[in-house]
Amino acid sequence: MRVLNAAHLVDCSAPQSKKTASRRGSARLAERRVFGALITPLRLEQLAEVIASDRPAPGEGIRCVFTMNLYHVVVLEHDAAFRQAYADAWAVTLDGAPVAAFANCKGVRRGRITGSDLMPVIVDKLRPGDHRPFFVVSDLATEGSIRRRLEQQGFGFADVAFAEPPFGFENDGLASQSLVDAIRRHQTTHIFMSVGAPKSEIWLHQHSAVLGDAYGLCFGSGANYMAGTRRRAPLVMRRLGLEWLHRLASEPRRLWRRYLLASWGYLIAMARDWNRP
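Predicted model only: the values in this text are computed from it and were never measured. All residue numbers refer to positions counted from 1 along the written sequence of the respective chain. In keeping with the predicted nature of the model, local features appear solely for residues at pLDDT of at least 70, side-chain atom pairs appear and are counted solely at 80 or more, and the whole-chain, interface and lining totals rest on all residues. The side-chain quantities take in all heavy atoms of the structure and omit both hydrogens and water.

1. Remarks on the sheet that holds strand β8 (residues 214-218)
Reasoning step 1: Pairing between strands is defined by DSSP: at least two bridges between the two strands are required. What counts as a helix is a DSSP run of H or I of at least four residues, what counts as a strand is a run of E of at least two, and both are numbered from the N terminus. On the basis of which strands lie adjacent, the open sheet formed by 6 strands has the order β4-β3-β8-β7-β5-β6 and parallel pairing. Here the strands that pair on one side only, and so sit at the sheet edges, are β4 (91-94) and β6 (161-163). Each adjacent strand pair in this sheet contributes to an overall mean axis angle of 15°, direction not counted.
Reasoning step 2: Bridging between strand β5 (residues 133-136) and strand β7 (residues 190-193) involves 4 bridges; their strand directions are parallel. Paired with Phe135 across the bridge in β7 is Phe192.
Reasoning step 3: Here, residues are in contact when the closest pair of their heavy atoms is within 4.5 Å. Fitted lines through C-alpha atoms serve as axes, helices being fitted only where they are in contact, and the angles separating the N-to-C directions of these axes extend from 0 to 180 degrees. Taken strand by strand, helix α5 (residues 115-125) contacts β3 (62-68), β5, β7 and β8, and its axis lies near 150° from that of β7.
Reasoning step 4: The strands touched by helix α7 (residues 173-185) within the sheet are β5, β6 and β7, with β5 carrying the most contacts at an inclination of about 160°.

Pasting the structure below:
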């Protein structure tokens, strides 16, 4: 039996003495560290259910949810702001296949939960009157597709909000404040950040004290895949852990450095993390 709420979670597949760590009372879902981050013990459906049904307490602020992939690991090695965002995250999942394989070798035997898989499950659980989602996306086509999806779930036009911030908004005080104000005005319950890492995670963390009590969900290209504005890898490639190859073939100019050069950085990160607790 599992008690599925953020205030008290017991993972009965592990010894009873191993309960989830907590921050802000007992509201943080976590198990063991991988690349310095605490990994949630929840499976995809369970995590989505908690995110949809368990509201942050008044004054709690943002519950950040990050999905760790190979690129994240490499950036974590040299970006202090990114490391701090991860350290304070409410839940971290294993997104990339190499990261999940390494975690398994360290004894953190949890399945992968990718942002692209988690996002649509959460969105499908949102209900008009209970939830007010806010999507930070990269283009109008993605906005239009997601809005139509939520309208089919019964959401009115004013129940859902979107922003397409300008390039470099994370370093622009006026642009950042404009986004903060829009999120606050909307009385947002779920912020979906889909404008890339590490800026999504760092921006949420740096503004967590002024965004209200909500979930901050950083899912990268998850919004584009859910909206159909970007084509995801075939299921067989995903199951084999080869989604990165499909993405590289689809966007070679944008991703070749990330996937090919960053791989060496990942090997170094694995060596450093192996003996960490």
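That covers the picture; the talk isn't over yet.
2. Topic: the environment of Ala89
Reasoning step 1: Among the structural elements, Ala89 can be located in the loop between α3 (80-87) and β4.
Reasoning step 2: Exposed residues in this analysis have more than 50% of their type's maximum accessible area, buried residues have under 20%, and partly exposed residues fall in between, with area computed by a 1.4 Å probe over protein chains only. Ala89 sits in the buried class, given a relative accessible area of 2%.
Reasoning step 3: Taking the C-alpha atoms as reference points, Ala89 and His205, separated by 116 residues in sequence, lie 8.3 Å from one another.

3. Brief notes about the packing of helix α1 (residues 44-53) against α5
When two helices pack together, their arrangement is captured by the angle between the axes and the distance separating the axes.
Reasoning step 1: In contact at an axis separation of 9 Å, α1 and α5 are set at 45° when each is read in the N-to-C sense. On the basis of their axis angle, the class for α1 and α5 is oblique. Relative to α5, the crossing made by α1 is right-handed. Residue-level contacts link Leu44, Glu45, Leu47, Ala48, Glu49, Ile51 and Ala52 of α1 to Asp117, Leu118, Val121, Ile122 and Lys125 of α5.
Reasoning step 2: Gly is put with the polar residues, along with every residue not named as nonpolar or charged; the nonpolar set is Ala, Val, Leu, Ile, Met, Phe, Trp, Tyr, Cys and Pro, and the charged set is Asp, Glu, Lys and Arg. Here the residues of the contact of α1 with α5 sort into 8 nonpolar, no polar and 4 charged. Throughout, the term roughly parallel applies to angles under 35 degrees, roughly antiparallel to angles over 145, roughly perpendicular to angles from 65 to 115, and oblique to all others. The sense of a crossing depends on the near helix, which, turned anticlockwise from the far helix by less than a right angle, makes the crossing left-handed and, turned clockwise, makes it right-handed.

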